Amino acid sequence: MTALLSVSGLRVGFGRDPQNHEIVHGVSFDLAAGETLAVVGESGSGKSVTALSINRLIDFGGGRITGGSIVLQRTDGSSTDLAQADEAQLTRIRGAEISMIFQEPMTSLNPVLTIGTQIEESFRLHRGLTGRQAKAAARDALDRVRIPDAARRLKYNPNQLSGGMLQRVMIAIALACSPRILIADEPTTALDVTVQAQILALLAELKRETGMSMIFITHDIGLVAGIADKVMVMQAGEAVEQGELNQVLDDPQHAYTRHLLHAVPHFSSGRATRIDGQRGTSASTEPALKVDGLVVRFPVKGGLFGRATGAVHAVDGVDFDLLPGETLAIVGESGSGKSTTARAVLGLEQSTRGAFTIGKAAAAAEGVRPMQMVFQNPYASLNPRLTVQSILAEPVIASGGRTDARTLSRMTKLLARVGLTEDCLQRYPHEFSGGQRQRLCIARALMLNPSVVVLDEAVSALDVSVQADVLELLVDLQQEFKLAYLFISHDMAVVERIAHRIAVIYAGQIVEIGEAASVLAEPRHSYTRKLIAAVPAIDRRHETFEIDMRQVPSLVRPLGFEPQPADWQSFGPDHLARTEAPDGAKPLVTDDA
Amino acid sequence: MNYLTGRLVTFPLVLLGVSLIVFIAIRLVPGDSITAMLGTEAGLLTPKQREALAAYFGIDQPWFIQYWRWLYDLFHGDLGVSVTYGRPVLDVILERFPLTLELALLSMIVALLVGVPAGVYAATHNEQPSDLGVRIIAMVGQSTPNFVLGLVIIYILSAGFGILPVMGTFTSIWQDPLTNLSQMILPAVTLGFAFAASVTRISRSAMLDILKDDYVRTARSKGASSRAVIWRHALPNALIPVVTLSGIEFSYLLGGAVIVEQIFALPGLGRLVLDAILQRDYALVQGTVLFIAFNVMVVNLLVDLAYATLDPRIRLGER
Amino acid sequence: MEQVRAIARHTSGRIGGAIVLVCLLAAALGALGWTPHDPLMQYRLDRLHAPNGTYWMGTDLFGRDVASRLMVGIGQSFTVAFFSVAFATLTGTVLGLAAAWLGRRWDGTLMRLMDMLMAFPAILLALLIIAIIGPGLWTSVIAIAVIYTPIFTRVVRGPALSLKEREFVDAARTFGSSQSYILSRHLLLNLVAPLTVQVTLALAWALLTEAGLSFLGLGTQPPTPSLGLMLSDSRNLMETAPWLMVFPGLAIMISILGFNLLGDALRDILDPKMRRSLA
């Protein structure tokens, strides 16, 4: 049987001299009808470039195919080499035979056109449908991707829908004309983990319905387990390994594949939690940080005179304590209030109510700001116009110090400690990679000897193998300086590696808190279960995803609304979960925006 | 609060502020208004007569009462009487306004008809010789003051062809559209040229940026042809900065066409202000300036409305 | 130094830079009195003399040397442009930073005030100011500065608002950095690039406005030469002495072109992301 798509010796270069600026160096693979091929690699591996070369969108991104062929079996039985095809041919193939969905659903739809218009366009282009017929077809397409109330949603503009909804719309557009191949370029990377699970389940279901083939590009080898038939691993523009899914995952041949499988954090249901520095093993029992009844509300203003009509209950009664040398991970999805909690603890957000107590030892010490923070985006958290030296000096100057010999020696010591050399001091942030910048941010946070470091998604923006290194550095530093970490993250695999304790936060409230292994292995609250079930994992590859269409409830409450006081149930020495109201009684407000 | 209601609520406030600025500015002009009104004859007045006159015009009152009275009159369409014309200020303004408005509209039409296609053309032929050509013309166009261009046009017509543009008496478009257009076309081209150059530059750079956007890639992945991508997906987005620019330029044309009106001897609002200032006809200056500022604000409001129609994100108050 | 080299590598930067330097040189020589002839001297016998070896750009109706007058005129134009833009940049930066940093009421009030100023078309505002303080070089400076202040306020406020939300400012807050440190190091330092571009482009506009005002006779007052007035005076002699129109016209155009080209180059070099905002 001939392959539906056969790529051989594909070479792609960029710029005026594509031969000498090659990004993809001779990649070959075959895709059979109905098959899913996962292409796995880190940023710069050439995986996206390969994907964009197949439907030749790379031409519009400054790339040129410099060698090889991409042979597609057409619907009419003929075959076409896409590498040689002209633009007129390609416009007939794109959308009709090969479709594509992208990483950022928020920016991938035209902001000034309704989603209905954008779906209809596909039918107009390839099926010649117009007017009422096109509208009906668009509605069916939306129904097919399980968007409720499709007829009304057609009139929406992209900014009125959430990321997950928009990715469904993108899928509806891509599958409108029943293409035989769908290229999905990191389609779930920008989405929350439960939404990711929904999208993956939807893709799997649609694949079963239509029998299409799929090329799934991802950086997360854990993700491919549930959906792929074949896997191709890419590194630096070359396909270093390809084969059947089970063969690649269970018996990897290439060192890089092994690295991706073993060195990188993968979720394993609480079996890979830390064994060092557990609560109770250390002598000190006085918390480095204690938070009592933290509430953060933002007024919602309305009407002509801008009076408060309600409040967003971003954080609604959060308590926890944190011992020296301990990591408490706060886990939740976007909009859950986890970052607001961190920001409120540091005073970046005004808390409405609540008390913080900082450990006495830390508060008494001189010249110490007891809490420091490392932010998510290493590109945005360093001022691009300052040298590394000025950046590291800032906390010292802020607390009344000067850039003297002692400060300088501390700088070089810390730089060395985070794995950077002394000659970095006179350089600017743009000369460093993302991982190095995050190391700089860590060094800066340690300049003042803090007792608590708040890490807000501190490794989320990094490539997976860099992630592993930075996590390792964080653990070492924690042991060395007895640091207490408040680790904010959405990524269960990362949390499993670094947390001693975990607090799961949902709609501004902690729903479950306790020892990491216990929470991850035996989640008690329904939300925690849902969250953990959604995490893709290599050892759960044969489980099927279920589609859960429930949306995050709205956090907007009327003025003066107070939540019910929490009712905790204990499930062991250090494991509490909030008692849930019987199903149906909970006011789950669905909200698209 | 919604974006547009926000604009509508602040509109009267800003208008009130503008009127206050004009009011104060006119009172800052050296010399009291009686002298200003009567010119040299004011020197013949006895102190008694002066007081009587001051009481008559209400200028013996504190400034806020004067301002209040002025505002009150304003609301009743009374902008005072022009000393030079001996007629109500509003009548004089309304007589001149159609010309200014027509000139501004014509220039804008010229600018958009030339500028947008030129910008799109240059963006889609990026870095090719034709793009370079468009860019050079646009650069020179943007750097040519309209009075220099106006003089050059007149010079070429008179020295090269021996024709002098029709000057002097202005014919309304309702009376005789052809004569009117023959009078207006040269000033409109003069004003529209630099405007067109700016439109070209901004639509080119907006288009270039947008062609790199994700949704353009999506459109291509659907199988839309390059033409459809440009006109259907990219252009509506590229028009947003063009609307901003057009709003600014149009406001400028409403009051700033002074020099071109001067060169082509057109009796527009700009020249009216200039003459009024030179002749110290302060009631007229005050009225005209306020009238123009009011129109500019209306234009700004229309620009905001245009945004809201073009970009749903603005309509929903996100930006 | 690195920036200068980058400008020299950029085609329009090279041309624009050269034009600006030549204009500055001409203006400097004019200011020092090193002109071919006395710009005010009336060579009665050589009235309306066409350009030749003695009078490079000819003479005017009164027999004054056009080239010398042009050099002084460029100086006048540049003086007005530099001082007005400097003033507008300073006040605009202060107001824009204040609006962005203080936020809420301050922001609203300041920006509404700027809206009010912007309701007056540029030339109209200038005419109003000239009516109050009488025409002259410094009046032009003040008028153009007032016109540009709201523009610079907006130019600073927008990026300042987004810088304020950046994570390095949050980080600075967690260290307890002082307001003045955050404002100077984190906001102002990052505003230098966009401001440089705006200043250069504003200089071009200021030259244009100055030329317009002096064309109307409301700028630099005679007998001091000014480009606009020279051009305006040439109108009646257009057919007999076209050089009276050509040279001042070209001088105005080319000096504006110089700053526009330089501004474009600077935008490409310093601030590639700003392209979509106003040209």
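Residues numbered from 1 in each chain as written. Chains lettered and ligands numbered in written order. Predicted model: local features only at pLDDT ≥ 70, side-chain atom pairs only at ≥ 80, totals over all residues.

J.: Explain the domain arrangement of chain B residue by residue, including any values.
T.: Residue and element names in this part refer to chain B. Domain annotation for chain B reports domain 1 (15-75) and domain 2 (89-310). Just the C-alpha atoms count here: the centres of domain 1 and domain 2 sit 37 Å apart. Contacts between the two partners involve eight residues from domain 1 and, on the opposite side, nine residues from domain 2. Looking at the side of domain 1 that touches domain 2, the elements with two or more residues in it are α1 (3-28) and α2 (33-38). Looking at which element gives the most residues to the side of domain 1 that touches domain 2, the answer is α1, with five residues. Taken together, the residues that form the side of domain 1 that touches domain 2 break down as six nonpolar, two polar and no charged. (Domains from an automatic or database assignment. Contact = placed C-beta atoms within 7 Å. Helix = DSSP H or I, 4+ residues; strand = E, 2+ residues; numbered from the N terminus. Nonpolar A, V, L, I, M, F, W, Y, C, P; charged D, E, K, R; others polar.)

J.: Account for the sheet that holds strand β5 (residues 79-81) of chain A, with residues named and values stated.
T.: All names here are of chain A. Read from one edge of the open sheet, four strands run β2-β1-β4-β5, paired in antiparallel fashion. Edge positions in the sheet fall to β2 (22-31) and β5, since each has one partner strand and no second. Each strand axis lies, on average, 10° off the axis of its neighbour in the sheet, ignoring direction. With seven bridges joining them, strand β1 (residues 5-14) and β2 adopt antiparallel strand pairing. By the bridge assignment, Arg11 is partnered in β2 with His25. (Pairing = 2+ DSSP bridges. Axes fitted to C-alpha atoms, helices over the stretch in contact; angles between N-to-C directions.)

J.: Please set out the packing of helix α12 (residues 269-278) of chain B against helix α5 (residues 122-133) of chain C residue by residue, giving values where relevant.
T.: For the pair α12 of chain B and α5 of chain C, interaxial distance at closest approach is 10 Å and the crossing angle is 5°. When the axis of α12 of chain B is compared with that of α5 of chain C, the two are roughly parallel. On α5 of chain C, the residues touching Val273, Leu274 and Ile277 of chain B of α12 of chain B are Leu124, Leu127 and Ala131 of chain C. (Parallel < 35°, antiparallel > 145°, perpendicular 65-115°, else oblique.)

J.: Run through the environment of Arg92 of chain A, naming residues and quoting values.
T.: Residues and elements named next belong to chain A. With respect to the secondary-structure elements, Arg92 resides in helix α2 (residues 87-93). Overall, Arg92 belongs to the partly exposed group, with 16 C-beta atoms counted inside 10 Å. Note: C-alpha distance between Arg92 and His126 (34 residues apart in sequence) is 7.4 Å. (Buried ≥ 20, exposed ≤ 12 C-beta atoms within 10 Å, placed from the backbone.)

J.: Can you tell me about the interface of chain A and chain B, naming the residues and giving the values?
T.: Of the residues lining the interface, 27 residues belong to chain A; the matching set on chain B comes to 22 residues. Among the elements of the structure, α2, β6 (98-101) and α3 (115-127) of chain A are those that each provide at least two residues to the side of chain A that touches chain B. Here the element with the most residues in the side of chain A that touches chain B is α3 of chain A; it accounts for four residues.

J.: Describe the sheet that holds strand β13 (residues 327-331) of chain A, listing the residues and the values that go with them.
T.: All names here are of chain A. A sheet is described by the order of its strands in space; here eight strands give the open sequence β15-β16-β17-β13-β18-β19-β22-β21, paired in mixed fashion. Two strands close off the open sheet at either side, each with one partner strand: β15 (371-374) and β21 (568-570). On average, each strand axis in the sheet is inclined to that of its neighbour by 20°, with strand direction left out of account. As judged from the five bridges shared by strand β16 (residues 452-456) and strand β17 (residues 484-489), these two strands associate in the parallel manner. Note that in β17 the partner of Asp456 across the bridge is Ile488. This element, helix α11 (residues 338-345), spans β13, β15, β16, β17 and β18 (501-506) of the sheet and lies at about 145° to β17. Strands β18 and β19 (509-515) of the sheet are contacted by helix α19 (residues 526-534), whose axis makes an angle of about 105° with β18.

J.: For helix α10 (residues 255-262) of chain A, give the residues involved together with the corresponding values.
T.: Residue and element names in this part refer to chain A. Of the positions making up α10, those classed as buried are Tyr256, Thr257 and Leu260. Viewed along the axis of α10, the buried residues span an arc of 100°, placing them on a single side of the element. What points out from α10, more than 90 degrees from its buried face, is the exposed set Ala255, Arg258 and His262. Packing partners of the buried residues in α10 comprise β3 (36-40), α8 (221-224), β9 (230-235), β10 (238-244) and α9 (245-250). (Arc of directions from axis to C-beta.)

J.: Lay out the environment of Leu5 of chain A in plain terms, naming residues and giving numbers.
T.: Residue and element names in this part refer to chain A. Counting through the fold element by element, Leu5 comes out in strand β1. A count of 25 C-beta atoms within 10 Å places Leu5 in the buried class. In this structure the C-alpha to C-alpha distance between Leu5 and Ser213, which are 208 residues apart in sequence, comes to 9.5 Å. In contact with Leu5, other than residues within four places in its own chain, are Leu31, Leu72 and Ile181.

J.: Can you break down the nonpolar core residue by residue, with the values?
T.: Ranked by internal contacts, the top residues of the largest apolar core, which has 348 residues, are Leu486 of chain A together with Ala126 of chain C. Per-element tally for this core: the top contributor is helix α8 (residues 179-215) of chain C, with 18 residues. Each of domain 1 (15-75) and domain 2 (89-310) of chain B contributes no fewer than three residues to this core. (Core = buried A, V, L, I, M, F, W, Y, C linked by C-beta atoms within 7 Å.)

J.: Mind laying out the pairing of strand β7 (residues 181-185) of chain A, listing which residues take part and the relevant values?
T.: All names here are of chain A. In terms of residue burial, β7 counts as a mostly covered element, since five of its five residues are buried. Of the two faces of β7, the one carrying Ile181, Ile183 and Asp185 and the one carrying Leu182 and Ala184 are both buried. Across four bridges, β6 lies against β7 in parallel orientation. Bridge assignment links Ile98 to a residue of β7, and that residue is Ile181. Sheet topology places β7 next to strand β8 (residues 213-218); five bridges connect them, and they run parallel. Residue Ala184 lies in a different strand from β8, and its bridge partner there is Phe216.

J.: Can you tell me about the interface of chain C and chain B, naming the residues and giving the values?
T.: In this assembly, 36 residues from chain C lie in contact with 46 residues from chain B. Contributions of two or more residues to the side of chain C that touches chain B are made by α4 (104-118), α5, α8 and α10 (243-270) of chain C. By residue class, the composition of the side of chain C that touches chain B is 27 nonpolar, three polar and six charged.

J.: Explain the pairing of β8 of chain A residue by residue, including any values.
T.: Residues and elements named next belong to chain A. In terms of residue burial, β8 counts as a mostly covered element, since six of its six residues are buried. Judged by which residues are buried, β8 turns out to be covered on both faces: Ser213, Ile215 and Ile217 on one side and Met214, Phe216 and Thr218 on the other are all buried. Tracing the backbone out of β7, into helix α7 (residues 193-210) and back to the parallel element β8 gives a crossover that is right-handed. (Right-handed = clockwise from strand over helix to strand, strands pointing away.)

J.: Summarise α3 of chain A; cite the residues concerned and give the values.
T.: Residue pairs three or four apart in sequence face the same way in an α-helix, which turns once every 3.6 residues. Residue and element names in this part refer to chain A. With 13 residues, α3 should cover 18 Å at 1.5 Å per step; its first-to-last C-alpha distance of 18 Å lies within 8% of that length. The element α3 is extensively covered by neighbouring structure, given that 11 of its 13 residues are classed as buried. Among all positions of α3, only Ile115, Gly116, Gln118, Ile119, Glu120, Glu121, Ser122, Phe123, Arg124, Leu125 and His126 are buried. Contacts made by the buried residues of α3 are with α4 (131-144), α5 (150-153) and α6 (163-175). Downstream of α3 by a residue or two, Gly128 has a phi angle that is positive, lying close to 70°. (Expected span 1.5 Å × (residues − 1).)

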